[in-house]
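The primary structure of each chain is shown beneath.
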Amino acid sequence: AHPTRIELMELIAREGELTATEAGDRLGLTPANCSFHLRQLAKHGFVEEGDPRPGRARPWRIGSVRHSWDETGADAETDAAAQALTSVVLDRDVGRLHAWIAGRSDADAAWRQAAFLTDSLTYLTREELEALGQALTEQVLAYSDRIDPERRPEGAVPVQFLAAGFPLPPTPTGN
């Protein structure tokens, strides 16, 4: 849940391969700090060494485009870490949504029309909710190869996609 690691992963996903020095320049951090965090991310497969460059330059690239940390029930420490990471990522994503809503009047009209926000209340079985989540995930993952800047079509920009489906608690009954 370390904010620097989250920033580094997103920066590399957006920009492509970067060295610790290049990442540090973009994030306002020291190369040593970035290098430490990149090595930690690499231990868990989030980033990996990129294509060799001349000299001592050591570029990094995204190692995985899909992450899951829902280890609920493993043990108390793992549960707490998963909850903390989920909160950090969700707060960041919701903050971006708020920023989009606040500034969308300044965005290009075509992008304003393409962007969406939907809110629905429906009734599903557990199996239907699971299937819906898998279908949405598959739709988004169909574009995951674009993590490679060479595979991005002309006019493609980074787009945040946030979806959640979860059961609501029962409505309280009056006494």
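Check the entry above for the structure.
Report follows, based on the coordinates. Here the structure is a predicted model, which means the values were calculated and not measured.

## Observations regarding the overall build of the protein chain
Here is step 1 of the chain: Along its length, the protein chain carries six helices and two strands.
Here is step 2 of the chain: Counting only C-alpha atoms, the protein chain reaches 75 × 50 × 30 Å along its principal axes.
Here is step 3 of the chain: Relative to its full complement of 175 residues, the protein chain shows a buried share of 17%.
Here is step 4 of the chain: In the protein chain, 52% of the contacts between residues at least 6 apart in sequence involve partners at least 24 apart.
Here is step 5 of the chain: Approximately 13,200 Å² of the protein chain is accessible, and the part contributed by carbon and sulfur atoms is 53%.

## As for the pattern of salt bridges
Here is step 1 of the chain: This model, assessed by the stated rule, comprises 13 salt bridges.
Here is step 2 of the chain: Arg96 serves as the salt-bridge partner of Glu10, at 2.4 Å between the closest nitrogen and oxygen. Placement of the pair is Glu10 in helix α1 (residues 3–15) and Arg96 in helix α4 (residues 76–103), with a sequence separation of 86 residues.
Here is step 3 of the chain: With a relative accessible area of 28%, Arg96 lands in the partly exposed category.
Here is step 4 of the chain: Here Glu48 and Arg61 are joined by a salt bridge, their closest N and O atoms 2.9 Å apart. Residue Glu48 is found in strand β1 (residues 47–49), and its partner Arg61 is found in strand β2 (residues 60–62); the two are separated by 13 residues along the sequence.

## With respect to the nonpolar core
For soluble globular proteins, nonpolar side chains are generally found buried alongside one another.
Here is step 1 of the chain: Counting 14 residues, the largest nonpolar core has Leu8, Ile12, Leu38, Leu41, Val47 and Ile62 as the members making the most contacts within it.
Here is step 2 of the chain: Discounting residues that sit within four places of it in the chain, Ile12 has contacts with Leu18, Leu38, Val47, Trp60, Arg61 and Ile62.

## Focus on a nonpolar patch on the surface
Here is step 1 of the chain: Residues Phe116, Leu124, Leu132, Leu136, Val140 and Phe161 make up a contiguous nonpolar surface patch of about 530 Å² in total accessible area.
Here is step 2 of the chain: The residue Phe116 is located in the loop between α5 (109–114) and α6 (126–141) in this model.
Here is step 3 of the chain: The class for Phe116 is exposed, based on a relative accessible area of 59%.

## Examining α1
Here is step 1 of the chain: Over its 13 residues, α1 runs 18 Å from end to end, which matches the ideal 18 Å to within 8%, given 1.5 Å per residue.
Here is step 2 of the chain: Regarding α1, the residues found buried are Thr4, Ile6, Leu8, Met9, Glu10, Leu11, Ile12 and Ala13.
Here is step 3 of the chain: Among the residues trailing α1, Gly16 stands out with phi positive, at a value near 95°.

## Focus: the packing of α1 against helix α3 (residues 31–43)
Here is step 1 of the chain: In contact at an axis separation of 10 Å, α1 and α3 are set at 80° when each is read in the N-to-C sense. Overall, the two elements α1 and α3 adopt an arrangement that is roughly perpendicular. Between α1 and α3, the contacting residues are Thr4, Arg5, Leu8, Met9 and Ile12 on the first element and Cys34, Phe36, His37, Leu38, Gln40 and Leu41 on the second.
Here is step 2 of the chain: Counted by class, the contact of α1 with α3 contains seven nonpolar, three polar and one charged residues.

## Considering the packing of helix α2 (residues 20–27) against α3
Here is step 1 of the chain: Viewed as axis vectors pointing N to C, α2 and α3 meet at an angle of 115°, and their least axial separation amounts to 8 Å. By the angle between their axes, α2 is roughly perpendicular relative to α3. Considering only the axes of α2 and α3, their crossing is right-handed. Facing Ala20, Thr21, Ala23 and Gly24 of α2, the residues of α3 in contact are Pro31, Cys34, Ser35 and Leu38.

## Comments concerning the side chain of Glu10
Here is step 1 of the chain: Assessed through its relative accessible area of 19%, Glu10 is described here as buried.
Here is step 2 of the chain: Every residue in contact with Glu10, bar those within four places of it in the chain, is listed here: Arg92 and Arg96.

Calculation notes
Residues numbered from 1 in each chain as written. Predicted model: local features only at pLDDT ≥ 70, side-chain atom pairs only at ≥ 80, totals over all residues. Heavy atoms only, no water. Helix = DSSP H or I, 4+ residues; strand = E, 2+ residues; numbered from the N terminus. Buried < 20%, exposed > 50% of the residue type's maximum accessible area, 1.4 Å probe, protein only. Contact = heavy atoms within 4.5 Å. Areas by Shrake-Rupley, 256 points an atom, 1.4 Å probe, with all protein chains shown as cover. Salt bridge = Lys/Arg side-chain N within 4 Å of Asp/Glu carboxyl O. Core = buried A, V, L, I, M, F, W, Y, C linked by side-chain atoms within 4.5 Å. Patch = residues over 30% accessible without salt bridge, like charges linked within 9 Å, V, L, I, M, F, W, Y side chains within 5 Å. Expected span 1.5 Å × (residues − 1). Axes fitted to C-alpha atoms, helices over the stretch in contact; angles between N-to-C directions. Parallel < 35°, antiparallel > 145°, perpendicular 65-115°, else oblique. Nonpolar A, V, L, I, M, F, W, Y, C, P; charged D, E, K, R; others polar. Left-handed = near helix turned anticlockwise from the far one by under 90°.

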